[in-house]
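Chain by chain, the residues run as shown.
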Amino acid sequence: MFASSVYKQFCSDENLNKAWRAIRRQGQATGVDGVSLTYFDSRSFLLLKALQADLLKFKYKPQPVKRIFIKRKVGAMRPLGIATVRDRIVQRAMVQMLSPRFEPHFDDYSHAYRTGRSPQSALAQARDHALGSRPWLVKLDLEDCFGTIPHRPLQRIVQKRMHDSAIRRLLKKFLEVEVITESNSGLRQMEKQKGLLQGSPLSPLLANIYLDLFDKAARERELRFVRYADDIAIFETTRQSAEQAMDMSLQILEKLGLQPNRNKTRLLNLVKGCTYLGEWLALEKSNNGHWKIANKR
């Protein structure tokens, strides 16, 4: 099989070493092969060269992902997919190739998983929207966002900007990887991956790529919103316009195959205030009749 210049760049020493340095800074959890970051680090030159050779010869195949569950402060346990160190490096290398092709086209209202953006930048934009005489807030939260993102539409979007077929085939392999869940009794259950796996270096970028469809559709409808991953806030001038914005947003999400979390989707008035991204957000009228951000509770 012919290796294009794009694929050779993907397999280059520079790209793989950069990916390895990024992965090395992350958690110590091991995948199904039992290879730890410490072990890989002690032999990184040889192991990276072997990985590079497999990629260039088109012999590379991702191993199954180990699913673990971690406790949340509130709600059900959170599932995480732990890939092998080797697979994490390839996923990170893929992020480094895909991100420059998609990042410049992401919406300015999107803040999660992006360089130079954070919950603080999302909050700053939320305050700007609210101060523009928009005291009504629609809060939307998605039900298992990563786990419900459909593969085929996502692959079609990637194909429009990543023309290299070898990289697209690798993406398909990662989307179809098998997931192993081990019970307390030691029994192992294997199943095909659904949606995107939380804990994967690739999933945050892929989620933004797919959710950018929501951003574009919301922009077309002239909605003022802030999106931090699957946490969406829409700011409106009146209760009626907020109700209409909620209906439009739910229709967009339905077309994308995404389900809102009904318990966390609500219509709020910022005069009463609410918590957004862990911070208190409230409005009050100043002496000159303009809106201003209220003091913290």
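Rules used throughout
- Residues numbered from 1 in each chain as written.
- Predicted model: local features only at pLDDT ≥ 70, side-chain atom pairs only at ≥ 80, totals over all residues.
- Heavy atoms only, no water.
- Phe/Tyr/Trp six-rings, centres within 6.5 Å; stacked < 30°, edge-to-face > 60°.
- Helix = DSSP H or I, 4+ residues; strand = E, 2+ residues; numbered from the N terminus.
- Expected span 1.5 Å × (residues − 1).
- Buried < 20%, exposed > 50% of the residue type's maximum accessible area, 1.4 Å probe, protein only.
- Arc of directions from axis to C-beta.
- Contact = heavy atoms within 4.5 Å.
- Pairing = 2+ DSSP bridges.
- Axes fitted to C-alpha atoms, helices over the stretch in contact; angles between N-to-C directions.
- Salt bridge = Lys/Arg side-chain N within 4 Å of Asp/Glu carboxyl O.
- Core = buried A, V, L, I, M, F, W, Y, C linked by side-chain atoms within 4.5 Å.
- Parallel < 35°, antiparallel > 145°, perpendicular 65-115°, else oblique.
- Nonpolar A, V, L, I, M, F, W, Y, C, P; charged D, E, K, R; others polar.

## Some details on the packing of aromatic side chains
Here is step 1: On inspection of all chains with the given rule, the structure shows 7 aromatic pairs.
Here is step 2: Arranged with centres 6.0 Å apart and planes meeting at 80 degrees, the rings of Phe214 and Phe225 form a pair that is edge-to-face. Placement of Phe214 in helix α10 (residues 203-220) and of Phe225 in strand β6 (residues 224-228) is noted, with a sequence separation of 11 residues between them.
Here is step 3: Following the ring pairs from residue to residue traces out a cluster consisting of Tyr7, Phe10 and Phe58.

## Regarding helix α6 (residues 119-131)
Here is step 1: Between the first and last C-alpha of α6 there are 18 Å, a value that for 13 residues agrees with the 18 Å anticipated at 1.5 Å per step.
Here is step 2: Those residues of α6 lying buried are Ala122, Leu123, Gln125, Ala126, His129 and Ala130. The buried residues of α6 occupy one face: seen down the axis, they fall within an arc of 165 degrees. Relative to its buried face, α6 has exposed residues pointing more than 90 degrees away, namely Gln120 and Asp128.
Here is step 3: Buried positions along α6 lie against β6, β7 (231-236), β9 (274-276), β10 (279-281) and β11 (283-285).
Here is step 4: Backbone geometry just after α6 places Ser133 at a positive phi near 55 degrees.

## Some thoughts on the sheet that holds strand β3 (residues 136-141)
Here is step 1: Pairing is antiparallel in the open sheet, where 4 strands are placed in the order β6-β7-β3-β8. Since the sheet does not close on itself, it has two edges, and those belong to β6 and β8 (266-269), each with one partner. Neighbour to neighbour, the strand axes of the sheet diverge by 20 degrees on average, direction disregarded.
Here is step 2: The pairing of β6 with β7 spans 5 bridges and is antiparallel. Residue pairing in the sheet places Val226 in a bridge with Ala233 of β7.
Here is step 3: Relative to the sheet, α10 contacts β6 and β7, its axis offset from that of β6 by approximately 170 degrees.
Here is step 4: Where helix α11 (residues 239-255) meets the sheet, its contacts fall on β3, β7 and β8, and the angle it forms with β3 comes to roughly 20 degrees.

## Some points on the pattern of salt bridges
Here is step 1: All chains considered together, the criterion is met by 12 salt bridges.
Here is step 2: Between Lys49 and Asp13 there is a salt bridge; the shortest N-O distance is 3.1 Å. Within this pair, whereas Lys49 is found in helix α4 (residues 44-56), its partner Asp13 is found in helix α2 (residues 13-24), the two being separated by 36 residues in sequence.
Here is step 3: Measuring nitrogen to oxygen at the nearest pair gives 3.4 Å for the salt bridge that ties Arg24 to Asp41. Of this pair, Arg24 sits in helix α2 while Asp41 sits in helix α3 (residues 37-42), and the two are 17 residues apart along the sequence.
Here is step 4: Owing to a relative accessible area of 36%, Arg24 belongs among the partly exposed residues under this scheme.

## Thoughts on the nonpolar core
Here is step 1: Grouped together as the largest cluster of nonpolar side chains are 65 residues, with contacts concentrated most on Phe10, Leu55 and Ile89.
Here is step 2: Setting aside residues no more than four positions away along its own chain, Phe10 makes contact with Asn15, Leu16, Leu55, Val90, Ala93, Met94, Met97, Ile167 and Leu170.
Here is step 3: Counting 13 residues, the second-largest nonpolar core is a separate cluster that includes Val226, Phe235, Leu270 and Leu281.

## Regarding the packing of helix α5 (residues 85-102) against helix α8 (residues 151-161)
Here is step 1: Between α5 and α8, the shortest axis-to-axis distance is 10 Å and the interhelical angle comes to 75 degrees. It follows from the interaxial angle that α5 and α8 lie roughly perpendicular. On the side of α5, the interface is formed by Leu98, Arg101 and Phe102, while α8 contributes Ile157, Val158 and Arg161.
Here is step 2: Its residues assigned to classes, the contact of α5 with α8 shows 4 nonpolar, no polar and 2 charged.

## Observations concerning the environment of Arg92
Here is step 1: The residue Arg92 is located in helix α5 in this model.
Here is step 2: Between the alpha carbons of Arg92 and Asn208 there is a distance of 15 Å; along the sequence they are 116 residues apart.
Here is step 3: Aside from chain neighbours lying at most four places away, what touches Arg92 is Ala19, Ala22, Ile23 and Pro201.

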